[in-house]
Amino acid sequence: MAKKHIATIYENNIQQFSCPICKNSMELIQSKSLVCSKNHTFDIAKQGYVNMLMRPVNSQYDKQLFQSRRKIITESNLYAPLHKKILEIIIENMDGKNVCKIFDAGCGEGSHLIMIKNLCENIKVTGIGLDISKEGIRMAARNDKESIWIVGDLANTPLKDKSCNMILNILSPANYKEFNRLLAPNGRMIKVVPRPNYLKELRVVLNQQKNPDTNEKIISLFKENFSTVEHTELNYSKEISQEELVHLVNMSPLTWNLNDSEKNQIMEQGVSEITIDLDILIGKND
């Protein structure tokens with residue numbers, strides 16, 4: 001039954017896809033493979049995702065990191081105000097429609113997209129998540145059988161031109177050439193960028209400072225790529241438990257180069273509150 005349901009999801013959305021090799025349209029064959037007119041074939045994995053990546057990759061993202069990300073995003077409510085804010089942006093820009101195709105570019109294990117979708121009670125959402133990490137996409141597909149999950153390259157997204165009403169790019173690298181290609185008329189691009197005080201408590205312990213010039217460059221580049229840009233800031237703090245701190249340390253790029261002993265030192269010093277400090281950029285092209 002689950003396999004049939006997954007096939008139906010892909011069949012209902014097959015018009016979204018274009019072959020990453022030849023760019024032709026695709027069709028679902030025998031409820032198990034996405035195939036283009038030149039017979040390039042991509043099988044749907046048993047978990048429900050499809051691997052459309054054209055090259056091997058090495059990634060620092062492993063299973064433990066994605067498990068920690070999922071725990072923090074879905075169980076701690078650390079990002080709940082961000083999800084609520086993105087929902088508000090989506091609703092404000094629906095133009096009276098109740099159907100929306102949301103593409104999460106660089107979705108990791110899919111938790112942000114899943115949480116935002118769960119908030120969209122009166123909107124029929126088609127969720128599409130893409131990430132270069134097979135481990136992340138595999139976890140996303142296990143936890144959400146209602147969305148499309150793709151292992152793929154952001155520089156060669158296997159989706160058709162103008163096929164996405166909303167594009168999310170949350171704390172992840174961007175590819176604006178692709179985003180502009182994918183964004184439907186009157187669609188919106190939502191990019192979330194860390195501000196200087198993002199996770200500042202971890203930065204203090206690690207004696208790391210965020211370069212504020214980084215945000216200025218990102219915002220400037222964003223404005224170069226979209227004719228109309230709205231910019232809002234989101235800043236709040238939340239108490240976290242020791243268990244949540246462990247997961248936060250495991251998932252944060254700030255700690256990727258630390259060994260277990262150095263990570264344990266963070267736990268011993270104790271961090272009981274975490275600051276979320278974000279720029280939210282909303283772009284559209286007239």
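Residues numbered from 1 in each chain as written. Predicted model: local features only at pLDDT ≥ 70, side-chain atom pairs only at ≥ 80, totals over all residues. Heavy atoms only, no water.

Enquirer: Any chance you could explain the pairing of strand S11 (residues 273-284) here in plain terms?
Expert: Each regular strand shows side chains that alternate between the opposite faces of the sheet. Of all 12 residues in S11, 10 are buried; the element is thus mostly enclosed. By the bridge criterion, six bridges tie strand S9 (residues 183-194) to S11 in an arrangement that is antiparallel. Bridged to Lys-191 within S11 is Leu-281. Across 12 bridges, strand S10 (residues 228-239) lies against S11 in antiparallel orientation. Looking at the pairing, Asn-235 lines up with Asp-277 of S11. (Buried < 20%, exposed > 50% of the residue type's maximum accessible area, 1.4 Å probe, protein only. Helix = DSSP H or I, 4+ residues; strand = E, 2+ residues; numbered from the N terminus. Pairing = 2+ DSSP bridges.)

Enquirer: When you look at the packing of helix H2 (residues 63-75) against helix H4 (residues 111-119) in this model, what are you seeing that I'm missing?
Expert: For any two helices packed against each other, one specifies the inter-axial angle together with the distance between the axes. It is at 9 Å that the axes of H2 and H4 come closest, and there the two elements cross at 20 degrees. What the angle tells us is that H2 and H4 run roughly parallel. The way H2 lies across H4 gives a crossing that is right-handed. For the pair formed by H2 and H4, the contact residues are Arg-69, Arg-70, Ile-73 and Thr-74 on the first element and Ser-111, His-112 and Met-115 on the second. Within the contact of H2 with H4, the residues separate by chemical class into two nonpolar, three polar and two charged. (Axes fitted to C-alpha atoms, helices over the stretch in contact; angles between N-to-C directions. Parallel < 35°, antiparallel > 145°, perpendicular 65-115°, else oblique. Left-handed = near helix turned anticlockwise from the far one by under 90°. Contact = heavy atoms within 4.5 Å. Nonpolar A, V, L, I, M, F, W, Y, C, P; charged D, E, K, R; others polar.)

Enquirer: Would you mind showing me how to read the side chain of Arg-203 here?
Expert: When you line up the elements, Arg-203 lands in helix H7 (residues 200-206). Buried Arg-203, no salt bridge; nearest opposite-charge side chain is Glu-201, N-O distance 8.5 Å. One polar contact links the side chain of Arg-203 to the main-chain carbonyl oxygen of Tyr-198, over a distance of 3.1 Å. Excluding its chain neighbours within four sequence positions, the residues that come into contact with Arg-203 are Pro-196, Tyr-198, Gln-208, Gln-209, Lys-210 and Leu-254. (Lys, Arg positive; Asp, Glu negative; His and termini not counted. Salt bridge = Lys/Arg side-chain N within 4 Å of Asp/Glu carboxyl O. Polar contact = N/O pair within 3.5 Å; in protein donor to acceptor, adjacent residues only side chain to side chain.)

Enquirer: Would you mind showing me how to read empty space enclosed by the protein here?
Expert: The probe, sized like a water molecule, is rolled over the atoms to show the empty space still left. Applying the stated criterion across every chain, the model contains one cavity of 30 Å³ or more. The computed volume of the largest cavity comes to approximately 40 Å³. What lines the largest cavity is simply Ile-6, Ile-9, Tyr-10, Gln-47, Gly-48, Ala-141, Asp-144, Lys-145, Ser-147 and Trp-149. Sort the elements by how many residues they give to the lining of the largest cavity and helix H1 (residues 2-12) lands first, with three residues. (1 Å grid on protein atoms, 1.4 Å probe; cavity = no way out; pocket = protein on both sides within 12 Å on 5 of 7 lines; lining within 4 Å. Points joined across faces, edges and corners; volume = space filled by probe spheres on them.)

Enquirer: Sorry if this is basic, but what is going on with helix H9 (residues 242-251) here?
Expert: For an α-helix the count is 3.6 residues per turn, leaving residues at separations of three or four pointing the same way. Of all the 10 residues making up H9, seven are buried; the element is thus mostly covered by neighbouring parts of the structure. The complete set of buried residues in H9 reads Glu-244, Leu-245, His-247, Leu-248, Val-249, Asn-250 and Met-251. Looking at the buried positions of H9, the neighbouring elements they touch are H2, H7, S10, helix H10 (260-269) and S11.

Enquirer: Honestly, the side chain of His-112 in this entry has me stumped. Any pointers?
Expert: Counting through the fold element by element, His-112 comes out in helix H4. In this structure His-112 comes out as buried when scored by relative accessible area, which is 5%. Discounting chain neighbours no more than four positions away, the residues touching His-112 are Arg-69, Ile-73, Tyr-79, Leu-82, His-83, Asp-104 and Ile-170.

Enquirer: Before we go on, may I ask you to explain the layout of surface pockets in this structure?
Expert: Each pocket or cavity is described by its volume, and for the largest pocket that value is around 850 Å³. Lining the largest pocket we find 39 residues, and of these Tyr-61, Ile-170, Leu-171, Ser-172 and Pro-173 sit closest to its centre. Listing elements by their share of the lining of the largest pocket, those giving two or more residues are H2, strand S6 (124-131), S9 and helix H8 (212-225). Among the elements that take part in the lining of the largest pocket, S9 stands out by supplying four residues, more than any other.

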